[in-house]
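Residue-level structure breakdown
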Amino acid sequence: MFVTGIFKNWRKIFVMSMIDLKSSFKASVLTWFWVVLAPLLTIGMYIFSFAISGDNVESIDIISYDYNDLWSSSLELTSNSFNRTGWLIIGVLTWTFVGGSLTSGSNSIRTYSWLVSKIGSPLYVPPTFTCLSKSYIGIGSIFISWIIYMIIAGCSGDTVISYNILQLPLMIILLFCFMLLWSIAVSPLCAISKDVFNVITILPMLLQWITGVFLPISNSVYNEPLGYVFRINPFNFLIDGIRGSIMSYSYIWNDWVSLVSFVCFFVILFVLASYITKRSKRLVVDLV
């Protein structure tokens, strides 16, 4: 089981993650500046697009869940107005970790093929320390977005912090574990076939549009087929959970469809990761 192997070799994995992190910023002085610059330019581009299209740059309508009775499951969907800039910053900076893990984690065995072919490391080692390396930047980006949002919310008179923030550590752990399982399950397939990796490289661009990174779910389509496409997307659950924690508009159990679908995807990824790492070692070694 790869879980026990990760705990047994956590020191080596941590050292390799630091090496991978340093290699990512090799010959670069302004390391964190480049990490944040690209997402902020993307956010600026979209705010500019909203402005010239006549859309409201100041606010955006987000679905919130108002329970009619604390002891019942009866809830009422309402659309509350939130700061658009803060909403975009949290989503885009969080997506930098997701997008980076989707591609780097999936290609980790090819990148560190010598660990598998010459040293004989288990297949889960390269994706684990690669995902851990990306998480340092990802967690830092999430906290940067939190600080920026608190400044924006404080200036605009919105809620700066509430009890929702207590679920932020849980959401960060779930985000890391989900991307880790994804990397462990997919990286052997990418090592076996370059076509699989070519498909993976397209995924971040496609997923960000059905994950609510730039567009929220409208109240009118929430229970329509299009709304369910958003709601059953596990990445949407993670991004919206982090936004809800920071912006204080929802808890992770409010939308049970998103929660149940995320748990199902998590279990499926865990089973696939366990099966693939166990069955594909010889084939991967022969091909890399």
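Residues numbered from 1 in each chain as written. Predicted model: local features only at pLDDT ≥ 70, side-chain atom pairs only at ≥ 80, totals over all residues. Heavy atoms only, no water.

**Quick notes on the pattern of salt bridges**
Counted by the stated rule, this structure contains one salt bridge. Put simply, Asp-255 and Arg-231 hold a salt bridge, and the shortest N to O gap is 2.7 Å. Taken together, the residues Asp-255 in the loop between helix H11 (234-247) and helix H12 (256-279) and Arg-231 in helix H10 (residues 225-231) connect sequence positions 24 residues apart. When its relative accessible area of 3% is taken as the criterion, Arg-231 is described as buried. (Salt bridge = Lys/Arg side-chain N within 4 Å of Asp/Glu carboxyl O. Helix = DSSP H or I, 4+ residues; strand = E, 2+ residues; numbered from the N terminus. Buried < 20%, exposed > 50% of the residue type's maximum accessible area, 1.4 Å probe, protein only.)

**Some points on the packing of aromatic side chains**
What the rule picks out here adds up to ten aromatic pairs. When the ring of Phe-262 is compared with that of Phe-266, the centres are 6.0 Å apart and the planes differ by 45°; the resulting orientation is tilted. Here Phe-262 pairs with Phe-266, and both are found in helix H12, just four residues apart, close to one helical turn. By relative accessible area, which is 4% here, Phe-262 ends up buried. Ring pairs connect the aromatic residues Trp-95, Phe-178, Trp-182, Phe-235, Phe-237, Phe-262 and Phe-266, which therefore count as one cluster. (Phe/Tyr/Trp six-rings, centres within 6.5 Å; stacked < 30°, edge-to-face > 60°.)

**Some points on the confidence of the model for the protein chain**
On average, the protein chain scores 81 in pLDDT, and the residues at 70 or more come to 85%. Looking at the elements of the protein chain, mean pLDDT is at its lowest for strand E2 (residues 75-83), recorded as 66, and at its highest for helix H8 (residues 168-192), recorded as 91. (pLDDT = per-residue confidence, 0-100.)

**Observations regarding H11**
With 14 residues, H11 ought to run about 20 Å at 1.5 Å a step, and its terminal C-alpha atoms sit 20 Å apart, in line with that. The N-cap residue of H11 is Asn-233: its side-chain oxygen and the backbone nitrogen of Phe-235 are 3.0 Å apart. One or two residues past the end of H11 sits Ser-248, with phi positive at roughly 65°. (Expected span 1.5 Å × (residues − 1). Polar contact = N/O pair within 3.5 Å; in protein donor to acceptor, adjacent residues only side chain to side chain.)

**Let's talk about a nonpolar patch on the surface**
Taken together, Trp-209, Ile-210, Leu-215, Leu-226 and Val-229 make up a surface patch of nonpolar side chains, about 420 Å² in accessible area. A relative accessible area of 42% means that Leu-215 is categorised as partly exposed. (Patch = residues over 30% accessible without salt bridge, like charges linked within 9 Å, V, L, I, M, F, W, Y side chains within 5 Å. Areas by Shrake-Rupley, 256 points an atom, 1.4 Å probe, with all protein chains shown as cover.)

**As for the packing of H8 against H12**
Packed helices, taken two at a time, are described by the angle their axes make and the gap between the axes. Two elements in contact, H8 and H12, have axes separated by 9 Å at closest approach and are oriented at 40°. Relative to H12, the element H8 lies oblique. Judged by the sense of rotation from one axis to the other, the crossing of H8 with H12 is left-handed. Residue-level inspection shows Leu-174, Cys-177, Phe-178, Leu-181, Trp-182, Ile-184, Ala-185, Pro-188 and Leu-189 of H8 in contact with H12, the latter providing Phe-262, Phe-265, Phe-266, Leu-269, Phe-270, Leu-272, Ala-273, Ile-276 and Thr-277. (Axes fitted to C-alpha atoms, helices over the stretch in contact; angles between N-to-C directions. Parallel < 35°, antiparallel > 145°, perpendicular 65-115°, else oblique. Left-handed = near helix turned anticlockwise from the far one by under 90°. Contact = heavy atoms within 4.5 Å.)

**A closer look at the side chain of Gln-208**
Within the fold, Gln-208 resides in the loop between helix H9 (194-207) and H10. If near-sequence neighbours (up to four positions away) are discounted, Gln-208 is found in contact with Trp-95, Val-213 and Phe-214.

**Quick word on the side chain of Arg-243**
Residue placement: Arg-243 occurs in helix H11. Engagement of the side chain of Arg-243 in a polar contact is seen with the backbone oxygen of Trp-87, the distance being 3.0 Å. The contacts of Arg-243, once residues within four sequence positions are left out, are Trp-87, Leu-88, Ile-90, Gly-91, Gly-212, Val-213, Ser-248 and Tyr-249.

**Observations concerning helix H2 (residues 10-24)**
Taking 1.5 Å of rise per residue, the 15 residues of H2 would be expected to cover 21 Å, and the 21 Å separating its terminal C-alpha atoms lies within 8% of that figure. Those residues of H2 lying buried are Ile-13, Met-16, Ser-17, Asp-20 and Leu-21. Projected down its long axis, H2 carries its buried residues within an arc of 145°, all on one side. The exposed residues of H2 that point more than 90 degrees off its buried face are Arg-11, Lys-12 and Lys-22. Contact partners of the buried residues in H2: helix H1 (2-8), helix H6 (113-117) and helix H7 (125-156). (Arc of directions from axis to C-beta.)

**Overview of the nonpolar core**
The biggest cluster of nonpolar side chains holds 64 residues, and the ones touching the most others in it are Met-179 and Ile-246. Per-element tally for this core: the top contributor is H8, with 14 residues. If we skip the residues at most four places from it in the chain, Met-179 touches Phe-97, Val-98, Ser-101, Leu-102, Cys-131 and Phe-235. Ile-109, Val-116, Ala-191 and Val-284 belong to the second-largest nonpolar core, a separate cluster that totals five residues. (Core = buried A, V, L, I, M, F, W, Y, C linked by side-chain atoms within 4.5 Å.)

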